[in-house]
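Below are the chains, spelled out letter by letter.
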Amino acid sequence: MSGFALAVEVPRRKLGEKGFTCESECPLFGEIARLNLVGHSTYEVQIISIVPREDDAASATRSRISLRLGTRVVRELYEEERNSMGRNLRLVAVIVLAMLVSLYCTAQTFSGQLAGIVPNVEIAWQDILQDVGVGTSGDRTWRKEIAFASKNGYVVPNTPQMEKLIAISRKRPALNRVQNILVFEQDHALVNQMNLSPEQLLSIRMIALEAKAEMERLWAQMKHQQDVFREKLVLLLERLETRILANLTPTQAELWLQPQVR
């Protein structure tokens, strides 16, 4: 109900020498991918379930294995976002960077120094990708949310009203902010008091489900770097809260952010 089921064939080598005994051990588990439905829409999806299809003939071969993937939709990618000037500039920057790295590695190979520079190239690559905005959410303009909230009388991103509400939330411990988001996963008393429409409830529950998966993924990546994890969690929470508030009226938003929520 919140994603797509896919049947795919992948090389066995991508699953490691010993394969996997549970889906959480599979390298594909939790990965974010882009799914293009020809003639329809493009989605960003996360792989949340992996089941081998051993009954399939292709699974019996040595080189490939058939898998059934369960995915959840992270977001729909609209045409202007897929083909925006900012995205195109970032792609150009990445292509140019790849060419420069390739030329640099080639030059170092001829001088016999390739092995020594590979780790530094990888670190530089990650740093520059972050600088140009690839794979980050810092370049969000909230255009879709602004239009939607303005049309429906909800809290509009990038307005003093939104900033005031986010400022209230910033004063709270991160754990309290996490709990506040996850109340929408279930029939919490607060949710019933807010008198949400079915459309509001569905949209916000989708955000809450995404939030849980994103936080779990962030913890899996950063659990050995506690300081970095806390910094990234705060940024993630602010983005999620903005999305939720853009689906609430000012009255509902104030009720949601009341201090007694735990």
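Refer to the preceding data block for the structure.
The paragraphs below set out a description of the structure included in this document. (Residues numbered from 1 in each chain as written. Predicted model: local features only at pLDDT ≥ 70, side-chain atom pairs only at ≥ 80, totals over all residues. Heavy atoms only, no water.)

**Let's talk about the sheet that holds strand β3 (residues 42-52)**
Here's step 1: Ordered in space as β1-β4-β3-β2, the four strands form an open sheet in which the pairing is antiparallel. In this open sheet, the two edge strands, each paired with only one partner strand, are β1 (5-11) and β2 (32-36). Mean inter-strand twist for the sheet, computed between neighbouring axes without regard to direction, equals 50 degrees.
Here's step 2: Of the strand pairs in this sheet, β3 and strand β4 (residues 64-77) are connected by ten bridges, and their pairing is antiparallel. Following the sheet pairing, Val45 is matched in β4 by Val73.
Here's step 3: In the packing of helix α8 (residues 198-222) onto the sheet, contacts are made with β2, β3 and β4, and the angle to β4 comes to roughly 120 degrees. (Pairing = 2+ DSSP bridges. Helix = DSSP H or I, 4+ residues; strand = E, 2+ residues; numbered from the N terminus. Axes fitted to C-alpha atoms, helices over the stretch in contact; angles between N-to-C directions. Contact = heavy atoms within 4.5 Å.)

**What to know about the layout of surface pockets**
In this approach the atoms are scanned with a rolling probe the size of a water molecule, which exposes any empty space left behind.
Here's step 1: Taken as a whole, the second largest pocket encloses approximately 280 Å³ of empty space.
Here's step 2: As for the second largest pocket, its lining consists of 15 residues, of which Phe29, Gly30, Gln46, Ala213 and Arg217 are closest to the centre.
Here's step 3: Here the lining of the second largest pocket gets seven residues from one element, more than from any other, and that element is α8.
Here's step 4: Split into classes, the residues belonging to the lining of the second largest pocket amount to seven nonpolar, three polar and five charged. (1 Å grid on protein atoms, 1.4 Å probe; cavity = no way out; pocket = protein on both sides within 12 Å on 5 of 7 lines; lining within 4 Å. Points joined across faces, edges and corners; volume = space filled by probe spheres on them. Nonpolar A, V, L, I, M, F, W, Y, C, P; charged D, E, K, R; others polar.)

**A look at the nonpolar core**
Here's step 1: One finds Phe184, Met194, Ile244, Leu245, Leu248 and Trp256 to be the most contacted residues of the largest nonpolar core, which totals 31 residues.
Here's step 2: Counting only elements with at least two residues in this core, the list comes to α5 (160-170), α6 (174-182), α7 (189-193), α8, α9 (226-245) and α10 (250-256).
Here's step 3: Listed in part, the nine residues of the second largest apolar core include Cys26, Ile65, Leu67 and Leu69. (Core = buried A, V, L, I, M, F, W, Y, C linked by side-chain atoms within 4.5 Å. Buried < 20%, exposed > 50% of the residue type's maximum accessible area, 1.4 Å probe, protein only.)

**With respect to the pattern of salt bridges**
Here's step 1: For the coordinates displayed, the defined rule picks out seven salt bridges.
Here's step 2: Ionic pairing is found between Glu44 and Arg75, a salt bridge with its closest N-O pair at 3.2 Å. Of the two residues, Glu44 is situated in strand β3 and Arg75 in strand β4; the sequence distance between them amounts to 31 residues.
Here's step 3: On the accessibility criterion, Arg75 (32% relative accessible area) is partly exposed.
Here's step 4: Arg243 is the partner of Glu210 in a salt bridge, and the nearest nitrogen-oxygen pair spans 2.9 Å. With a gap of 33 residues between them, Glu210 in helix α8 and Arg243 in helix α9 connect regions that are remote in the sequence. (Salt bridge = Lys/Arg side-chain N within 4 Å of Asp/Glu carboxyl O.)

**Description of the packing of α6 against α9**
Here's step 1: Axis separation between α6 and α9 bottoms out at 11 Å; the angle between their running directions is 35 degrees. Between α6 and α9 lies a crossing of left-handed hand. Touching Ala174, Arg177, Val178 and Ile181 of α6 are Leu233, Val234, Leu237, Glu238, Leu240, Glu241 and Ile244, all from α9.
Here's step 2: The residue makeup of the contact of α6 with α9, split by class, is eight nonpolar, no polar and three charged. (Left-handed = near helix turned anticlockwise from the far one by under 90°.)

**Observations regarding α6**
Think of an α-helix as 3.6 residues a turn; residues three or four steps apart then line up on the same face.
Here's step 1: Where α6 is concerned, the buried positions are Asn176, Arg177, Val178, Asn180 and Ile181.
Here's step 2: Buried residues in α6 make contact with α5, α8, α9 and α10.

**Describing the packing of aromatic side chains**
Here's step 1: Under the counting rule described, the total for this entry stands at four aromatic pairs.
Here's step 2: Pairing Phe184 with Trp256 gives two aromatic rings, centres 5.7 Å apart and planes at 50 degrees, and the pair type is tilted. Of this pair, Phe184 sits in the loop between α6 and α7 while Trp256 sits in helix α10; the two residues are 72 residues apart in sequence, bridging distant segments of the chain.
Here's step 3: Between Trp219 and Phe229, the aromatic rings sit 5.1 Å apart at their centres with planes inclined by 75 degrees, giving edge-to-face as the arrangement. Of this pair, Trp219 sits in helix α8 while Phe229 sits in helix α9, and the two are ten residues apart along the sequence. (Phe/Tyr/Trp six-rings, centres within 6.5 Å; stacked < 30°, edge-to-face > 60°.)

**Concerning the packing of α8 against α9**
Here's step 1: Between α8 and α9, the shortest axis-to-axis distance is 10 Å and the interhelical angle comes to 170 degrees. For the element pair α8 / α9, the angle class is roughly antiparallel. Within the contact between the two elements, α8 uses Ile204, Ile207, Glu210, Ala211, Glu214, Met215, Leu218, Trp219 and Met222 and α9 uses Gln226, Val228, Phe229, Lys232, Leu233, Leu236, Leu237, Arg239, Leu240, Arg243 and Ile244.
Here's step 2: In the contact of α8 with α9, the residues fall into 14 nonpolar, one polar and five charged. (Parallel < 35°, antiparallel > 145°, perpendicular 65-115°, else oblique.)

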